[in-house]
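Structural description and commentary
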Amino acid sequence: MADRSIQGADGIDTFPFPVELSLGGVGMQVGPMGAGRTWHADAPLERVHRIDFHVVMLFGAGPVRHMVDFTEHEATAGDLLWIRPGQVHRFSRTGEYRGTALTMQPGFLPRSTVEATGLYRYDLPPLLRPDAAQLAGLRAALAQLRREYEDADTLPLSLHTAVLRHTLTAFLLRLAHLAASSAPALHRRTDSTFTLFRDAVERDFATNHSVSAYADALGYSRRTLVRAVRAATGETPKAFIDKRVVLEAKRLLAHTELPIGRVGAAVGFPDAANFSKFFHQHTDQTPAAFRAELR
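About the criteria used
Residues numbered from 1 in each chain as written. Predicted model: local features only at pLDDT ≥ 70, side-chain atom pairs only at ≥ 80, totals over all residues. Heavy atoms only, no water. 1 Å grid on protein atoms, 1.4 Å probe; cavity = no way out; pocket = protein on both sides within 12 Å on 5 of 7 lines; lining within 4 Å. Points joined across faces, edges and corners; volume = space filled by probe spheres on them. Helix = DSSP H or I, 4+ residues; strand = E, 2+ residues; numbered from the N terminus. Nonpolar A, V, L, I, M, F, W, Y, C, P; charged D, E, K, R; others polar. Pairing = 2+ DSSP bridges. Contact = heavy atoms within 4.5 Å. Axes fitted to C-alpha atoms, helices over the stretch in contact; angles between N-to-C directions. Buried < 20%, exposed > 50% of the residue type's maximum accessible area, 1.4 Å probe, protein only. Parallel < 35°, antiparallel > 145°, perpendicular 65-115°, else oblique. Expected span 1.5 Å × (residues − 1). Arc of directions from axis to C-beta. Salt bridge = Lys/Arg side-chain N within 4 Å of Asp/Glu carboxyl O.

What follows deals with the layout of surface pockets. In this structure, the largest pocket encloses a volume near 1400 Å³. Lining the largest pocket are 50 residues, with Tyr120, Arg121, Tyr122, Asp123 and Leu124 sitting closest to its centre. Elements with a minimum of two residues in the lining of the largest pocket: β7 (71–75), α1 (111–117), α3 (157–182), α4 (185–188), α5 (192–204) and α8 (237–255). Per element, the largest residue contribution to the lining of the largest pocket is 9 residues, and it comes from α8. Here the lining of the largest pocket is built from residues that sort into 22 nonpolar, 13 polar and 15 charged.

Take the sheet that holds strand β10 (residues 99–104) next. Across the sheet, 5 strands lie side by side as β3-β10-β5-β8-β11; this open sheet has antiparallel pairing. Two strands close off the open sheet at either side, each with one partner strand: β3 (28–33) and β11 (127–128). With 6 bridges connecting them, strand β5 (residues 54–59) and β10 associate as antiparallel partners. When the sheet's bridge partners are listed, Phe59 is paired in β10 with Gly99. Against the sheet, α3 touches β3, β5, β8 (80–83), β10 and β11, its axis set at about 105 degrees to β8.

For the rest of this paragraph, the subject is the environment of Ala206. Here Ala206 is to be found in the loop between α5 and α6 (211–218). For Ala206, a relative accessible area of 25% corresponds to the partly exposed category. Residues Ala206 and Glu248, 42 residues apart in the sequence, show an inter-C-alpha distance of 8.6 Å. Setting aside residues no more than four positions away along its own chain, Ala206 makes contact with Ala266, Val267 and Gly268.

Assignment of secondary structure puts Arg50 in strand β4 (residues 49–51). Using a relative accessible area of 9% as the deciding quantity, one classes Arg50 as buried. Between the C-alpha atom of Arg50 and that of Val88, which follows or precedes it by 38 residues, the distance is 4.3 Å.

Packed helix pairs are specified by the crossing angle of their axes together with the interaxial distance, meaning the distance between the axes. Packing of α8 against helix α10 (residues 272–283) brings their axes to within 11 Å, and their N-to-C directions diverge by 105 degrees. The orientation of α8 with respect to α10, classified from their angle, is roughly perpendicular. Within the contact between the two elements, α8 uses Asp242, Val245, Val246, Ala249, Lys250 and Leu253 and α10 uses Phe275, Phe278, Phe279, His282 and Thr283. Residues belonging to the contact of α8 with α10 are distributed by class as follows: 7 nonpolar, 2 polar and 2 charged.

It is worth spelling out helix α7 (residues 222–233) at this point. Taking 1.5 Å per residue, 12 residues should reach 16 Å; α7 reaches 16 Å between its end C-alpha atoms and fits that length. Every buried residue of α7 is accounted for by Leu225, Ala228, Val229, Ala232 and Thr233. The buried residues of α7 occupy an angular sector of 100 degrees when the element is viewed end-on, so they sit on one face. Facing away from the buried side of α7 by over 90 degrees, the exposed positions are Arg223 and Arg227. Positive phi appears at Gly234, one or two residues downstream of α7, with a value of about 80 degrees.

Quick look at the pattern of salt bridges now. Summed over all chains, the structure comprises 15 salt bridges. With a shortest N-O distance of 2.9 Å, Glu202 and Arg244 are connected by a salt bridge. Here Arg244 lies in helix α8 and Glu202 lies in helix α5, a separation of 42 residues in the sequence. A salt bridge links Glu248 to Arg244; its shortest N-O distance comes to 3.0 Å. You can see Glu248 and its partner Arg244 sitting in helix α8, 4 residues apart, about one turn around the helix. Comparing Glu248 with Arg244, the two get one shared label, buried.

As structure tokens, this is what we get:
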């Protein structure tokens, strides 16, 4: 794969989608997983790294342990793992990856498809376990997508790309339905209020930790926002915000050399002592101890 990465403003190496290595330069790839495969030369399987594209792996064997955002997931034959842009992950040193891998570049699909398929539902679980009927449908859709992807000569590039987008959409709609049905019951009951709040937090968590500020910006009362978030997640809005801040702090502590004070500033805590107190309250570890544990 390509041997380049993007150094983000937060200091984490982020590996971009290698368009030049996809057939015809389209914004997706699909093919077999195998021994020694890596997404990029600078990102060996066992190194924790971040990507700016989607990865969906349908496993044909297992078990394989794979870390996504500091949670270890064990996948076996028939399971899927969906890693979204911005998430950090690590391949197992000992696991044997067999099956089919799909990667897709943000922007390859139109906005209507992105919204319908929940491509950026970071609140949904990465590991998916379809039943027999769901798995048969996903395998058939992915096999068709692979056939269309590899048939780069039958159609002009513009039509080939259009067919890929439609075929990819069919697969993702199945995948999105599985992801939504795999979530805890609370996460299935979402409404527009929670969706707007979730998107606002994803955009502004580094600078805005105030529930009232989010409610005002979205045009809701604080009480309405509390009801919507609790119905969707079982949590308070404040807990939802804090969880997102902690996740980003963990990413920065684990995968950058930023001083702890700068990590805190990057997630909205100009005072290092306040950041350390906040982090300890939510993780039972100091930022320094968490970083040392992962090095």
